[in-house]
Each structure stands twice: as structure tokens, then as C-alpha cells.
Amino acid sequence: MSECSALQFVSPYAFEAMQKVDVVRLAALSDPELRLLLPCLVRMALCAPADQSQSWAQDKKLILRLLSGVEAVNSIVALLSVDFHALEQDASKEQQLRHKLGGGSGESILVSQLQHGLTLEFEHSDSPRRLRLVLSELLAIMNKVSESNGEFFLKSSELFESPVYLEEAADVLCILQAELPSLLPIVDVAEALLHVKNGAWFLCLLVANVPDSFNEVCRGLIKNGERQDEESVGGRRRTEALRHLCKMNPSQALRVRGMVVEECHLPGLGVALTLDHTKNESSDDGVSDLVCFVSGLLLGTNAKVRTWFGTFIRNGQQRKRDNISSVLWQMRRQLLLELMGILPTVRSTHIVEEADADTEPNVSVYSGLKEEHVVKASALLRLYCALMGIARLYPGEVFSLLYLTEIFMSCRPPATPAGVRFVSLSFCMLLAFSTLVSTPEQEQLMVMWLSWMIKEEAYFESISGVSASFGEMLLLVAMYFHSNQLSAIIDLVCSTLGMKIVIKPSSLSRMKTIFTQEIFTEQVVTAHAVRVPVTGNLSANITGFLPIHCIYQLLKSRSFTKHKVSIKDWIYRQLCETTTPLHPQLLPLIDVYINSILTPASKSNPEATNQPVTEQEILNVFQGLSGGENTRPTQRFSITTQLLVLYYVLSYEEALLANTKILAAMQRKPKSYSSALMDQIPIKYLIRQAQGLQQELGGLHSALLRLLATNYPHLCIVDDWICEEQITGTDALLRRMLLTNMAKNHSPKQLQEAFSMLPGNHTQLMQILEHLTLLSAGELIPYAEVLTSNMNLLLEAGVPRGILQAVNKLWMVLNTVMPRRLWVMTVNALQPSAKIVRQQKYTQNDLMIDPLIVLRCDQRVHRSPPLMDIILHMLNGYLLASKAYLNAHLKETAEQDIRPSQNNAMGPEAPEVTREELKNALLAAQDSAAVQILLEICLPTEEEKGQSSSAEDLLGDVQSPPSPQAAEAEEEEQSLLCNLREVQCLICCLLHQMYIADPNIVKLVHFQGYPCELLALTVAGIPSMHICLDFIPELIAQPELEKQIFAIQLLSYLCIQYALPKSLSVARLAINVMGTLLTVLTQSKRYTFFMPTLPCLVSFCQAFPPLYEDIMSLLIQIGQVCASDVATQTRDFDPIITRLQQLKEKPHDFSGLCKDSSSKSCSRDTASLDPDVRLCQCVENTIIEIINMSVSGI
């Protein structure tokens, strides 16, 4: 729209005065400026205002006075006198006619046949006809625009092109739009004006006279605009019109630019508005708005915007380069000017004004870069990288190519964090765009610059205070080149530049040659990396590329072992210089270091490995954590360091076990850390500390838990975690609030003195223990030895239960921080008195090899529930520890499998399977032995049997389950709140956990058998006993009569406890087996089998009444068999058989009988000592019990 260059546009001053209706400013305008605003001012003066205030009345008088001297006002007043309602009706009719006849029809209702040209008609017409002429022309253009389907056209119109009548036509246009807004929407009018000559000028006048419509017009033009405005005439005209609008209202230019980005239309307009804004803004040393805007488009998170603007750049390159007026050329030139503005030159620089990229600028060698320009230079570098990498701006097209090269090669930034950032960006730009170095001279200059980087790296780091310097990046890139990890270099470059760009690996070939052969040979890299100082207080807050990245990569490529360079000391120092939040590279560093210790770099040189950290160095890290006399030990190392070293030790041991076979095949046996070292590391205490720092430690806490669960399962018992939640929860916080100075002042020595007063005086001990319960787990550590060593005193008679419970509570708290040491001390303290006299002390290793040592304690512990709870806790832990110990032992001795297998025809897998089976058998025997010992503890002693009426009072009547009425009476007579009952409950809880963890133990224990007196207890107290229903058929099928009896007795209790369909089927099987055995057993075996099993039939009937018929038939068969065996004797058995038949046929007649009545009737008979007779009596008693049970149930 260069045709508008000679016309006068509305100035920003005048537009702002119209927006604010500032009459004083309007009065200050010149006549030409005021002439452009007359349509709005005249309407403002003549129309009735909505504002009736006195101030507006005064302003209106000033406007009238201002208009009184302008001659053109009369013509505008005449225009406003027209009947616009009739005009609108005629216009609507014309639109309908055109729609009916087609847009090309020459018919017009608004305007009759023109005798002269449109310009002459306009000149000779009065105001109403002028309105009709302009309205007819405008409607024709708008109609054509609506039918063009987006294709741009330029409409030739004398009315809008004649310079003589432009102002009068503009007046008519403004009046029409103001008076007929529904017929002429301002956005549609603006769109139509783009298709005529001087359209931008008319548009600006129209908007200036309706200033509130500025944003609406701009958004409408942008929304209807092209995605790429530089590609078409219409797009360029639209861009130019919007630029004029924004020049008229510069305060809204950036808002219009935001609309451009939001709609992803007219990218050239966005750049043009930014260029206009950049020229108007005051020049300072900050990053310009142009750099920020273009960088935001290309480097933002909106992929749609990035693609849209990248297309604009690529399309702009494909057009002829002599188009100086293109927005892309203007943008590149402005960027070049900004780049030149920050380069300190020795002599002047000549900028080429033409767009010929082949012309070389006259440049000189640059000196140091000013500190205030460093950030701006970095922003420009990133922008050029985005233009070339994302928008595909060809380097040959970049005017500043040589200037960029000079920035890389000659600029020496100051030693500041921004300077470090600038050098890193420059280096990554060289790697990303190899065409920047295209000549041998530039290549030599680059080598000199890289050498300067290596030389100045230490100085930059010390002066700038930045731990992440560019020296580490150089080392890292060199290592990637040596290991040919070009993709890693590309990722590094993209990460540093902060953008994802496409870099071909082939473009790095020349740079690889320079790095690996001229600057950084592999030996130089390795030797230099070891001398790099560790990063002090390394944490995740220190970003960038650090020495740890370089060491990690060198370890991964095995460069240290290849060149025999020791890296152990550097890694140890770096682990000691860590803090929270944890740096993400530390765990991968430890893992790759452990791998380099165990796995040789090559098979040809099996000794090429790194050295592990020594045990003394590990102990130094944990010094002060063993819990001495001081409750707050001084720590030389941070908790982060201690956790990392713990992670190293556990991971090393796990990796050593996992690679035992491979190492044995290579005849290598790296040293394992001793068990004494592991015992001195407070693993549980450190894990508890890590639990409170999970956010700061990243994945370290979860990694430690995984290692513990695998190698130290006894430290991951669920009950312990639940206990810890209670200790560290809200209740613990409330207890801390009750903590007094007196509680803090109790020393371990005072606790020892209080224990020595037992059993005579227990008040002081109780008071001290209550105070100690308010302390935290860490503060209790100094009291652990005194507490455990005096536990044997608690076994004496007369010790209050409160003291026992307090000791149990304190023990459980200590168990959360020092379980392994606490367990050893407790086991040794609770030994029988004979062993204590012999001073036999067990070690941690002894207890892991034989966990049953825990149960060889003083017998009095078995009737002390608080202490028994501790014993069971330790037993569970050591059983788990023993499994882990045997698994580790099996892996450690894997070389014993390899040596015999060399001459073994069965293959190398056969010995391993045998050893694995032996281990599993040992563990099963160990677990079953523990269960059998615990079950024996549940049996009452002779003394307890004497104190109670019978053993059945404690365990339930096994031989004959009592009736409900009798059971209720017995419960009322005796109290179950005794030590034995409490110990039984504790043991049942542990057995339930063991059964759930390994159901095979249940089967093994019940195949071994145990006293039948315990069946009532185990079935009722162990919820997982229902597992037995799965293998009872197999147990009944065993050839031993004792196992068959035990199975049927067990099944009778299970049927009562679990009346399930599965129990019914097993009970029916048991009845069938009993019937079968009746026919095959001899007299003595029959008596031995049926006497203990017949009472079980009562339980079957009680649980499953449908079995009544089968059971009664079985009982009659048993009686008949017994009768037939004594048929040859003189005694007549017919009465007994007859009574049994009557009992079966008419059970209700005998419901009042008790089981003793029948026995009394036969007691006078001397033959009652006969087994068959006694068995018949037992059958009769069983039938009576079933009848009584059935009647009472009804």
C-alpha cells in the first residue's frame, strides 16, 4: 500500500485525544489533523448526549466553538440530515436484488442510471445522493468479498481513488458506518477497504472516528488473515493496514501482536510490529524485544506456534533475496545491528544495506566482551541457533555468519556466571552447526579458542563462583567422542541450548577428529579428569555440567582401568562432599563404579579393575553413629554422605553375589566386606533418617529399601514399620511436649542402680522407665546396653507387670534404630543361668546360622508375655535373616558348582539344583522346628496342670467337645486372663504370619504332628489354619495310623470353625475312610483307631447335619463288627445291638439319656474290660451325644 505514503494519517496524539475525548488536546490539533476527525466531532456536537453532566456541557461548547471555524462542517451536517431509515430500506432491497440476480447485475435501487462517471456524479450530487453513491459502491465491494471464497482481488473504484474527493468520501463513509451499524458492520467494512486503493488510509480514518472499535477491527482483520502474509498481495496489504493502525495507536501494538500469535496468522505482522516497537523503545543494554519475541516463538512450548513461525522463516528464504522491503530481511538486518552493537571492535564496521548475503562485511578482530553485554550476547546466540536449527534458516543466508564466527573465536567474556554460560552456548553452537567453521583458518582459530577454554577453565570457576563450568563440558564431549557416542553429544548440545534441533551425526566427524587427535586424546582426558577437584557441597541445586558427569562417562567407557588410573579416592571425596537435595548423577556414578570394580575392562586383562573403598574409609563416615554415652553424637559427614556410602556398600555386596559365577569362571574373587563392618553400620537408623528426607533424596530412599528387602529382610518386617508409624506420629509429638528436664537428666548409670534394687524396690525403676518412654529412639540408644543386660532380673517373682510392659515398649522403640545389635544383646541377656555362669556369648553370625538359639532362653521367659513378645519378634527376624544368609552363602560358594561340573556329564546345572534343594530342606526343617518348639511352649506345665482342675480348662476338651451350656459354665468358673493364655495368643499370631508367608510350613508341621491337646488352640487361634483343608485328604491317606487319627481329629475342629462346602466334602471323605478301615483293621488296631476318632463324628454332625445318616450307619456297623468278634464268647451282645438299632430308629425316645447311663448299665459286667465291649460303649455314647446335640439344636 505504498499509494498511501503521500496521504496524511491520524497521528497517535490525535487518536489518544479522541479516545479520551480530551477537548484541550483536540483544540491543539492543526487544521489538517482536525479535518480527519470531523465526522465524529460533528456527530458528537449535534447528537443528544447520554452524559448530562455539567462538565460535558462545557466540553460540548468547546467542541462547537472548535468546529465553528471549519467550512467542511456544513457538508457533514447536511449528511447527517438525511433520512437514514429510508436509505437503509433501499439498501436492504438492493442487497436482496443482487442476491437474487447475482452479484454481477448492473441493477441498482440506491442509484439510478449514472449519466457520467462515478467521480463526476459524486461532485454534482447533493448529500443524500452522495450517501447513496458511496453506500452502493461499498455494498458492491462487500458483496464481492463475501463471494470471493478468500481469494484476494483489487477493486478499481474512482470514488476511493480520486485524490480530490478522498476527504469527502471518507466523511460519507464514516457517517454511513456510524448511522447504519447493522447494515455496515465495522469489521466487514474494514475487510472491504483492503480491496480498494487507499484502503489503509480510509480504514485508519474510520477507526479514528470510532476509536472504541480498534481492538475489534484488529482482531477481525487478523482472524480473517492468511497464515503466511508474506506470500500474497492480500496478506501484505493486510499487514500494512494493521501496521498503520498500530502506528496510530502504539500503546496497543503489543496487544495486537499477541492476537497474531494467538490466531497463528500474519507472522510478518508480528515481526513488523516488534521491529516498530524496537525502534521506538529506548536503547539499553538489556535483551531487545525482537530477540525475546522471536526466541519465545521458536523456543516456547506451543508446537503449533513454533511450526507456524518456522514456516514463515523457510518461505521467506525461498523468495528473491533482492526484496529489501520484506519483513524477514528487516528482521535479519535488525538482529545484525544488535549483534554489531555489542561487539567491541577495533575499527569501524561497514554494514551492507542490500540483501546480498554473499557480500562479506568488513570486520576486524574483537577484544573482550563487556560484562553488561554478555547476557544479551547469549540470548542472540540462542536465537540464531533456534533460527538455524528449528526454523531451518540456512547458514549461508545469515548475514551475521562471520560475526558469529568472530564471537566464538575472538570474544573473551568476563569471568562471571553469565560469561560461563556464554562460552558454553558458543561451544554448543559450534557443535550443532559445523558450517560455521568452513575454512582452515577458522578451524585453526577454533582450536586456539578451545585451548583457551581449557586454560581458563579453572580461573573462570574460581572467580565466577560457579561449580558447573565449561571445562567439564569439554571433558564430557571429549569422552563421548572417544567412545563414539555421538547421540549423547547431540543430547548434550540440545540440553545446553535448551531446544530440540536436528543434528546429523555425520556433521560431527570433523569435530571428532579435532577433539580426539589434536586437543583431547583419551589418556589426556583420563589424567586430567582425576586432577579435577570435586564439587563442594554437591547437590541438585548445582545445575550444568560438573566433574561428576565426566567421571561417570569415563567410568562407563572404562578409561580409568584401561590407562591404570586410580579413581577410588576421587569418588570417595566426592561422596563426602554431598548434601541435599541429592544430585541425580550420584546413584548412576556409584553403580557404574561398582561395575568397574567387579567386571574387568576386557577378558584379556582380568586384573584391569578399579579398587573398592576400604573398610576403614567406610567406618570413618559412620563414626559417631554407634550410640555411645552422648545422646547427640557429633557427625563429621552429612546424612547424605552416610546414606550414599550405605547404598554403595549394599549395592557392592549385592552385585558381588550376583556375579559370583562369572567371577569364578574368570578365576577372580574380589574382596567382600566383612560381617564385622556391616554390624557397625547403623542401617536401620540411617533408613529411618532417609524416610524423613524422601523429597530431598530423590530415588535413594526407595533404592535402599529395595536393597534391604533383598539382602536384609529381617530389617523390613512389617510390624516394625507399623511400630515406627506409631513412634513418629502425633502421639509421639504429644509425648515430647510432656518431656520434663527430670526425664532428660536420667543417665544409664542411674538406670543400672534402679535395676540393682529389684525385686525389693521397684518404684524408682518404674519412674525412670516411664520418663524414658518420652525420649526419641535416637536418644534411647545409650540406655540400650543397660536395659538389655538387666532383663534377666525381670524374671524374678514379684516384678510388677508395669515394669515388664515399660521395658517391652522401650525395647520396641530401640528396635527401630538398632535392631541387630539390640537382638544380640537381648539373646545373651536372657540365656539360662547356667550359660550365663559359663559366659557363653553369641554373635550375630551365630544367631543367623542357628535362629533356634533364640528359643534356648530361660524357661521363665515362656510365661512372661512382655518378654515372650520380644523373643518372638527376634525369632521372626532371625528366621528371615537365616534365609538371606543361606541364599548369600549359596551364591558365595558357587565356584564349588563350577569345578565339579567340568567333568560332569550331567551338565553344570545338576550340582546347583542339589545344593538349592538342600538349602530349602534345611530352611524347612529350621522353620518346622521353631513351630514345634513354640507349640510345646503352649502346653501347660505340670505345675499349671495342678493349679487348674484339668488341662482341658486351658486348652478345651479335646476328647469330647463340651455342649454349649457346659462351655458357658466353665468360662464363668475360670479366668482366661493368665500368662499362659497370653503367651498362647502371641505364639498363635506369629504362627499365623509364618503360615501365610509360606503355606508349605503348615503342611510340614501337620504331617509331623503335635499333641492333640493343642488342636483346639491352633484351630481357634490361628486364622490361617483353613489351609489344612487342602492337604487333609493326603494326610488321611498316609499308612501310619497315628497320622490318620491326627488328621480326623484336626478335621473335626476345622469343620466347627469353618463350616464350608470344602469342609463338608473332606468330612464325607473321612467318614468313608473310617468305614473302609473298619473292614481291614485288626481288633487291636480297630480299638486304637476308633476310640479317639469316634468323638470327632459328633463335631461332623454338629457342623453338617446332612451327614447324620452316614454317621449313624457307620456307628451301627462298628457295633456290629465288634459284636461279631465276640460272638463265640458266652456274653450275649444282642441287647447292645438291639439298643443301638433302637437308638438309630427312634432317637427321640432316648434324648433324655446321658452318655454315662449306658456305661453304668454295663459297668457291672466283667467283660467291660474287653476292647470290643469298650468300643461298643463308646459307639453308644457317641450316638447319645449326637442325639442330645440334635435335640438341643432344635
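Treat the numbers as computed from the prediction; the structure is a model and nothing was measured.

Caption draft 1: Representation of the overall build of the protein within the structure. From N to C terminus, the protein includes 67 helices and zero strands. In the protein, buried positions account for 52% of the 1194 residues. Within the protein, residue pairs in contact and separated by at least 24 positions form 74% of the contacts whose partners lie at least 6 positions apart. As displayed, the protein offers around 53600 Å² of accessible surface, 52% of which is attributable to carbon and sulfur atoms.

Caption draft 2: Fine view of a nonpolar patch on the surface. Taken together, the side chains of F152, L154 and V233 make up a nonpolar region of the molecular surface, amounting to roughly 270 Å² of accessible area. Classification of V233 as partly exposed rests on a relative accessible area of 47%.

Caption draft 3: The arrangement of the nonpolar core in detail. L245, Y648 and F1100 are the most contacted members of the largest nonpolar core, which totals 368 residues. Tallying contributions element by element places helix α34 (residues 639-658) first for this core, with twelve residues. Beyond its immediate chain neighbours, meaning those up to four positions away, Y648 contacts I590, Y593, I594, I597, P612, V613, I618 and Y673.

Caption draft 4: The arrangement of the layout of surface pockets in detail. The volume enclosed by the second largest pocket comes to roughly 1000 Å³. What lines the second largest pocket is a set of 37 residues, and nearest its centre among them are E653, L657, S672, A888 and E892. For the lining of the second largest pocket, the secondary structure elements donating two or more residues are α34, α35 (660-665), α36 (675-680), α39 (700-711), α50 (844-849), α51 (865-892) and α52 (895-901). Of all the elements, α51 adds the most residues to the lining of the second largest pocket, at eight residues. Looking at the lining of the second largest pocket residue by residue, the class counts come to 15 nonpolar, twelve polar and ten charged.

Caption draft 5: A look at unusual backbone geometry. Residue P581 is reached from T580 by a cis peptide bond, and omega for that bond is -5 degrees. With respect to the helices, strands and loops of the structure, P581 is situated in the loop between α31 (568-576) and α32 (586-598). A positive phi is found at N198, a non-glycine position, where the angle reads about 65 degrees. Residue class for N198 comes out buried when judged on its relative accessible area of 4%. A positive phi angle is found at L266, which is not glycine, with a value near 55 degrees. Assessed through its relative accessible area of 0%, L266 is described here as buried.

Caption draft 6: Quick peek at helix α5 (residues 54-67). Between its terminal C-alpha atoms α5 stretches 20 Å, which fits the 20 Å expected from 14 residues at 1.5 Å a residue. Turning to α5, its buried residues number three or more, namely W56, K60, I63 and L67. The buried residues of α5 all sit within an arc of 60 degrees when viewed along its axis, so they share a single face. Opposite the packed face of α5, turned more than 90 degrees from it, sit the exposed residues Q54 and R65. Summarising the contacts, the buried residues of α5 are in contact with α2 (23-27), α4 (38-46) and α6 (73-80).

Caption draft 7: Focus on the packing of aromatic side chains. Summed over all chains, the structure comprises 13 aromatic pairs. With 5.2 Å between their ring centres and 65 degrees between their planes, W823 and Y878 make a pair best called edge-to-face. With W823 in helix α48 (residues 819-829) and Y878 in helix α51, this pair connects stretches of sequence that are 55 residues apart. Y878 shares its class with W823; the two are buried.

Caption draft 8: Broad picture of the confidence of the model for the protein. Of all residues in the protein, 80% have pLDDT values of 70 or greater, and the mean over the chain is 79. Here helix α56 (residues 964-973) stands out as the least confident element of the protein, with mean pLDDT 41; helix α61 (residues 1041-1057) is the most confident, with 94. Counting interchain partners and residues more than four positions distant, the pLDDT-below-50 stretch residues 346-366 has 46 contacts. Every residue in residues 1154-1167 is under pLDDT 50, and counting partners more than four places away or in other chains gives 17 contacts.

Caption draft 9: Just the pattern of salt bridges, in detail. This structure, assessed with the given rule, holds 26 salt bridges. Of the charged contacts, one joins R238 and E191 as a salt bridge, the two residues approaching to 2.6 Å between their closest N and O atoms. Placement of R238 in helix α15 (residues 233-248) and of E191 in helix α12 (residues 186-193) is noted, with a sequence separation of 47 residues between them. Summarising the burial analysis for this pair, R238 and E191 share the class buried. We note a salt bridge from R243 to D276, for which the minimum N-O separation is 2.9 Å. Residue R243 is found in helix α15, and its partner D276 is found in helix α17 (residues 267-280); the two are separated by 33 residues along the sequence. We note that R243, like D276, is buried. Connected through shared salt-bridge partners, E16, K20, D22 and R25 make up one network.

Caption draft 10: Local environment of the packing of helix α37 (residues 683-691) against α39. Interaxial distance between α37 and α39 falls to 10 Å at its minimum, and their mutual angle equals 150 degrees. As summarised for this structure, α37 and α39 are arranged roughly antiparallel, according to the angle between their axes. As α37 packs across α39, the resulting crossing turns out to be left-handed. Note on element contacts: α39 touches α37 through H701, L704, L705 and L708, opposite I683, I687, A690 and Q691. The residue makeup of the contact of α37 with α39, split by class, is six nonpolar, two polar and no charged.

Here is what the cut-offs are and how they apply
- Residues numbered from 1 in each chain as written.
- Predicted model: local features only at pLDDT ≥ 70, side-chain atom pairs only at ≥ 80, totals over all residues.
- Heavy atoms only, no water.
- Helix = DSSP H or I, 4+ residues; strand = E, 2+ residues; numbered from the N terminus.
- Buried < 20%, exposed > 50% of the residue type's maximum accessible area, 1.4 Å probe, protein only.
- Contact = heavy atoms within 4.5 Å.
- Areas by Shrake-Rupley, 256 points an atom, 1.4 Å probe, with all protein chains shown as cover.
- Patch = residues over 30% accessible without salt bridge, like charges linked within 9 Å, V, L, I, M, F, W, Y side chains within 5 Å.
- Salt bridge = Lys/Arg side-chain N within 4 Å of Asp/Glu carboxyl O.
- Core = buried A, V, L, I, M, F, W, Y, C linked by side-chain atoms within 4.5 Å.
- 1 Å grid on protein atoms, 1.4 Å probe; cavity = no way out; pocket = protein on both sides within 12 Å on 5 of 7 lines; lining within 4 Å.
- Points joined across faces, edges and corners; volume = space filled by probe spheres on them.
- Nonpolar A, V, L, I, M, F, W, Y, C, P; charged D, E, K, R; others polar.
- Expected span 1.5 Å × (residues − 1).
- Arc of directions from axis to C-beta.
- Phe/Tyr/Trp six-rings, centres within 6.5 Å; stacked < 30°, edge-to-face > 60°.
- pLDDT = per-residue confidence, 0-100.
- Axes fitted to C-alpha atoms, helices over the stretch in contact; angles between N-to-C directions.
- Parallel < 35°, antiparallel > 145°, perpendicular 65-115°, else oblique.
- Left-handed = near helix turned anticlockwise from the far one by under 90°.

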